[in-house]
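# Residue-level structure breakdown
Chain by chain, the residues:
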Amino acid sequence: MSMDVYTPPAAPALDARDAAVSRLAQWASSAQAAHNVAAELVKTSFVPESFRGKPFEATAAILSGLEMGLSPMAALRSFDIIQGQAAPKAITLRAVAQ
C-alpha cells in the first residue's frame, strides 16, 4: 500500500510591485519609529542646538544616519541641515570612508 505525502501548494511569488510596496511599508514603519524617538530627543540638551525643538529635521537626520549605519544619537551629531536637507558633516564622511 502506497502512502501519498501531502505537499502544500507553493505560496505565490511576490511580484516586483508587491515587494516594493512591502519595502515602502517597512520604511514607513521605521520612519514613524524614528520620528517618535526624535520628538522626545529634541526636547533635551543632548541633541545639537540646530535640532532642538525640530522633530521633523531630527527625524530626517536619524533616517539619513540609519542609511549610513549610524545610531540615532550619532546621526544627530553627524548631520547639519543645509537648505532643508540633512547633510553629513565632513568629519562624518571621513569616518564612514575609513
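Look up: the structure comes first, before these words.
The model shown is predicted, which means the values in this text are computed figures rather than measured ones. (Residues numbered from 1 in each chain as written. Predicted model: local features only at pLDDT ≥ 70, side-chain atom pairs only at ≥ 80, totals over all residues. Heavy atoms only, no water.)

## A look at the pairing of strand E2 (residues 85-88)
In terms of strand pairing, strand E1 (residues 79-82) meets E2 through 4 bridges, oriented antiparallel. Looking at the pairing, Asp80 lines up with Ala87 of E2. Hairpin connection, E1 to E2: the antiparallel pair is bridged by 2 residues, and Gln83 has positive phi, about 50°. (Pairing = 2+ DSSP bridges. Helix = DSSP H or I, 4+ residues; strand = E, 2+ residues; numbered from the N terminus.)

## Here's the deal with the environment of Ala75
Examined against the element boundaries, Ala75 turns out to sit in helix H3 (residues 72-78). A C-alpha to C-alpha distance of 15 Å links Ala75 and Glu40, two positions 35 residues apart in sequence. Setting aside residues no more than four positions away along its own chain, Ala75 makes contact with Ala61, Ile62, Gly65 and Leu70. (Contact = heavy atoms within 4.5 Å.)

## Observations concerning the side chain of Thr92
Secondary-structure assignment places Thr92 in helix H4 (residues 90-97). Overall, the relative accessible area of 6% leaves Thr92 in the buried class. (Buried < 20%, exposed > 50% of the residue type's maximum accessible area, 1.4 Å probe, protein only.)

## Considering the nonpolar core
Counting 16 residues, the largest nonpolar core has Phe51, Ala58, Ala61, Ile62, Leu70, Leu76 and Phe79 as the members making the most contacts within it. Broken down by secondary-structure element, the contributors of at least two residues to this core are helix H1 (16-41), helix H2 (55-67) and H3. With residues up to four places along the chain from it excluded, the contact list for Phe79 reads Phe51, Ala61, Ser64, Gly65, Met68, Leu70, Ala86, Ala87, Pro88 and Lys89. (Core = buried A, V, L, I, M, F, W, Y, C linked by side-chain atoms within 4.5 Å.)

## Some details on H1
With 26 residues, H1 extends 37 Å between its outermost C-alpha atoms, agreeing within 8% with the 38 Å of an ideal straight helix rising 1.5 Å per residue. Inspection of H1 places Ala31, Ala34, His35, Ala38 and Leu41 among the buried residues, and these make up the whole buried set. Buried residues belonging to H1 abut H2 and H3. (Expected span 1.5 Å × (residues − 1).)

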